[in-house]
Amino acid sequence: MAYCNGYENAIWENRIDADVCGSQWKKLGSWFIGTSGENEREFLELALNTLQQNIKPRKYFPEDPLLITPEVKSSAIYRDEMTKLKVELKFLNETLAESIPYSSIRYQGHMVSNTTIPAKLGFLSAWMTNANNACGETGPVTIQLEKEVGKQLCDLIGFDVSQCPRGYITSGGSSANIEGLWASRNVKFFPLAVQKAMREEPTFADVKDLRVYIPRLDRKQKLIASSTWDLLNLNLDDVISLPQEIERLTGKDHTYFQGDINKYGMAYKGFVEFFRLHDLRTEPVVMTSAANHFSWDKAATLLGIGGSHLVCVPFDRNARMDMEALQKRLEECLVKKVPIIALICVIGTTEHGAVDPVEEILNLRAEYRKKGLNFYLLADGAWGGYYATLMRKSEEKNHLLPAFPISNYVCKQLSCLKDVDTVTIDPHKTGYCPYPAGGICYRNGKMKSTLAIATDMLHGTGNTNSHCYGLETSKPGAAAAGVYLAHKVIGLHSSGYGRILGQSILGAKLFYCAWLTAANPDDEFVCVPLIPIPEAYDEEKAMKFIRERILRSSYEDIVLDTETMDFLSEIGPDLSVNAFAVNVKGNACVVKCNRLNMAVFNRLSHTDPKQRSVCDVPLFLTKSRLSQKECSTILGNFKERLGVSKETEDVLVFLKNTVMNPWTAADQTIQMLVRHFRQVVTQCIAEINQTE
């Protein structure tokens, strides 16, 4: 069982009993509308009060006349327009009835779920004001809420406050990822712009002795005399502090010399002219796991780095970045003197729920810094960042919790996030908040200043302006308000969000056990999870343990059984995503295996309301695929366990379920869903056999 920080203290210092298990559902029951709308009355009352609070006239200027008069309302034109609104709204509401039922326990597809009551109400309240968090002029209240949310997220990650970390809301994880790489690119090449300005501009006459720490040499030396390679491999904090060092030497504000530096910089010159100006001959790369989100490809394209310079590192049998493969690529870059702008580690891969080994990557970076190769470390925690709440002890007096099977490995990686340079973290995923609410946090808050683009059109005081940073200018203040209220009500600790996500992890681990045993010995199909049973366990004994101690047990029996929870913490996915596939027993053809999984997916998804009703889908899953190029290790093992040929290089289609609904772990829920799954698989096999 995982014993890490607040998680251990919140759970194991006190005896866990049946009453604690029961209190779990009561706490969760106050945060969601419910899988069947059980809190409909309570939510509607709060929502109506919120609407009334924002709609009722505010007599800022009592002498102002009423403009929508009783005469206007009694006119035929007014009545006709209102009638048209009612008709069209009724049609829209009826059409939306075919939307995916995210609140249902049957939805186990993508990384999306029903949002919490406080998140909905906070969003609704600020949505009524139409606040724009571009600057203090257009969102004076909500921009302060966004600043508070940013601070909360930085605290959750564990960033050192002495570095003045900064976090804020974006439209989503993609824009946050793009921004993190954008800032990294600008910081990476900034020292070269400073060196060029020092050599060319008279304003830098007093800073010729500016010194900078060179990791390869483990000492400081004059920046103006440093090699291009050394300047491309400085520590991030040292690069960011250069303007302050110049201010110290000159006694002048950075705005005095900022323009002279910028005109030699990457952002102003662009890649081609910048490389020519600084006599650079080797293109930089970005490294990431082969399981990275496709937004990193977008980022490389948009920033001029190029998709061909996004180096994908294969992942291991647990879908985590392979450290041996990473070290090999780092060594190649060192020998060939290829600059690495950044390395991206994933905290919860979209397809597999895997957490990359952040601790090992940090150690590897420290090792290569000494050799002269440095890079910034960006964590894509869009999905997994909120799981850090499991490790934060609640300050509430009544914080007893049932056990949650998070592994020691995952706890360790989450605790290392405080040492990376940026973290993408999405409230609209595991923060259970409405779209759009992504987020990015900078360990060193000054890093984001490299993206500043000023304008005289929007004004603010101090750091209240957000329009000059990042991709977005206009953005809804409602997003920040929804996140703010959810954080305040639920809490970023083990007894709050940790309770929801811990319950989701338990559901995912139980689903893993269910997929392992979904096929009976006499069935004509096999069902195999992507992540194998750990080598430390005898597979036959593990399967017997699952059937006898888990599948037949109640929720209460499972969480009160220490041996069972120890077992669950070590098996299955890192976070709440299961990847798995089915195959016809005895079939070795990858094509036929893919046909079966596609057929199952088509039955268990809903994309076209014109073809069938959402009510005809008994269980919602989604799919992805593995290719030979970057996934050979895990793909070969997966094919072998499925019984298909490892010799072919065909891609392999697989299914996945994402557990976000905390009630997934309730008694008999998963067993009910797996029964529907078995029926669909059997039907699909029959249909495939008929067409052969």
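Small disclaimer: the values here were computed from a predicted structure and weren't measured. (Residues numbered from 1 in each chain as written. Predicted model: local features only at pLDDT ≥ 70, side-chain atom pairs only at ≥ 80, totals over all residues. Heavy atoms only, no water.)

K.L.:
I tried to follow the pairing of strand β1 (residues 166-170) on my own but got confused; where do I start?
P.N.:
Taken residue by residue, a regular strand's side chains alternate between the two faces of the sheet. In terms of residue burial, β1 counts as a mostly covered element, since four of its five residues are buried. Bridging between β1 and strand β9 (residues 438-442) involves five bridges; their strand directions are antiparallel. Paired with Tyr168 across the strands is Ile440, a residue of β9. (Buried < 20%, exposed > 50% of the residue type's maximum accessible area, 1.4 Å probe, protein only. Helix = DSSP H or I, 4+ residues; strand = E, 2+ residues; numbered from the N terminus. Pairing = 2+ DSSP bridges.)

K.L.:
So what exactly am I meant to see when it comes to the packing of helix α8 (residues 173-200) against helix α11 (residues 242-250) here?
P.N.:
When two helices pack together, their arrangement is captured by the angle between the axes and the distance separating the axes. Taken N-terminus to C-terminus, the directions of α8 and α11 make an angle of 30°; their axes are 11 Å apart at the nearest point. Between α8 and α11, the angle is such that the two are roughly parallel. Facing α8, whose interface residues are Phe190, Pro191 and Val194, α11 presents Leu242, Pro243 and Ile246. (Axes fitted to C-alpha atoms, helices over the stretch in contact; angles between N-to-C directions. Parallel < 35°, antiparallel > 145°, perpendicular 65-115°, else oblique. Contact = heavy atoms within 4.5 Å.)

K.L.:
When you look at the nonpolar core in this model, what are you seeing that I'm missing?
P.N.:
One recurring pattern in soluble globular proteins: nonpolar side chains tend to sit buried together. Within the largest apolar cluster, 73 residues are counted, with the highest numbers of intra-cluster contacts made by Leu326, Leu330 and Tyr497. Counting residues per element, this core draws most heavily on helix α15 (residues 323-336), at six residues. In terms of nonpolar packing, the next biggest core, distinct from the first, is built from 70 residues, Ile533, Ile546, Ile558 and Phe638 among them. (Core = buried A, V, L, I, M, F, W, Y, C linked by side-chain atoms within 4.5 Å.)

K.L.:
What is the right way to look at the sheet that holds strand β10 (residues 525-529) in this model?
P.N.:
Think of a sheet as strands paired side by side through backbone hydrogen bonds, with each pair either parallel or antiparallel. Strand order in the open sheet formed by four strands is β10-β11-β13-β12, and the pairing between neighbours is antiparallel. Every interior strand has two partners, whereas the edge strands, β10 and β12 (622-626), have only one. Recorded for the sheet is a direction-independent mean angle of 35° between the axes of neighbouring strands. Both β10 and strand β11 (residues 577-584) contribute to a ladder of five bridges, which runs antiparallel. Bridge assignment links Pro529 to a residue of β11, and that residue is Phe580. Where helix α19 (residues 497-516) meets the sheet, its contacts fall on β10, β11 and β13 (652-658), and the angle it forms with β11 comes to roughly 10°.

K.L.:
Help me understand a negative patch on the surface, please; the structure alone is not making it clear to me.
P.N.:
A surface patch of like charges, here negative, comprises Asp19, Glu556, Asp557 and Asp667. Within the secondary structure layout, Asp557 lies in helix α21 (residues 555-559). (Patch = residues over 30% accessible without salt bridge, like charges linked within 9 Å, V, L, I, M, F, W, Y side chains within 5 Å. Areas by Shrake-Rupley, 256 points an atom, 1.4 Å probe, with all protein chains shown as cover. Salt bridge = Lys/Arg side-chain N within 4 Å of Asp/Glu carboxyl O. Lys, Arg positive; Asp, Glu negative; His and termini not counted. Charge placed at Lys NZ, Arg CZ, Asp CG, Glu CD.)

K.L.:
Is there a simple way to explain the packing of aromatic side chains in this structure?
P.N.:
The geometry of an aromatic ring pair comes down to the distance between the two centres and the angle between the two planes. Applying the stated criterion to the full structure yields 19 aromatic pairs. Ring centres 4.9 Å apart and planes at 90° place the aromatic pair Tyr102 and Tyr107 in the edge-to-face group. For Tyr102, a relative accessible area of 32% corresponds to the partly exposed category. Among the aromatic residues, those joined into a ring-pair cluster are Trp25, Phe32, Tyr432, Tyr555 and Trp663. One residue, Arg320, lies across the ring of Tyr409, its end atom 3.8 Å from the ring centre. When the ring centre of Phe601 is taken as origin, the NZ or CZ atom of Lys623, which lies over that ring, is 5.3 Å away. (Phe/Tyr/Trp six-rings, centres within 6.5 Å; stacked < 30°, edge-to-face > 60°. Lys NZ or Arg CZ within 6 Å of the ring centre and 35° of its normal.)

K.L.:
What am I meant to see in unusual backbone geometry here?
P.N.:
Between Tyr435 and Pro436 the backbone carries a cis peptide bond, its omega angle lying at -5°. Looking at the secondary structure, you find Pro436 in the loop between β8 (422-424) and β9. At Asp218, a residue that is not glycine, the phi angle is positive and equals roughly 60°. Secondary-structure assignment places Asp218 in the loop between β2 (211-214) and β3 (219-222).

K.L.:
Please explain the sheet that holds β9 as it appears in this structure.
P.N.:
If you walk across this open sheet you meet the seven strands as β1-β9-β8-β7-β6-β4-β5, and the pairing is mixed. This sheet does not close on itself; its edge strands, each paired only once, are β1 and β5 (310-313). On average, adjacent strands in this sheet sit at an angle of 20° to one another, irrespective of strand direction. Where strand β7 (residues 376-380) meets β8, three bridges bridge the pair, whose relative direction is parallel.

K.L.:
Whenever I open this one, a nonpolar patch on the surface confuses me. Can you help?
P.N.:
A contiguous nonpolar surface patch, about 440 Å² in accessible area, is contributed by Met82, Leu85, Leu89, Leu92 and Leu96. Mapped onto the elements of the fold, Leu89 is located in helix α5 (residues 76-96). A relative accessible area of 43% means that Leu89 is categorised as partly exposed.

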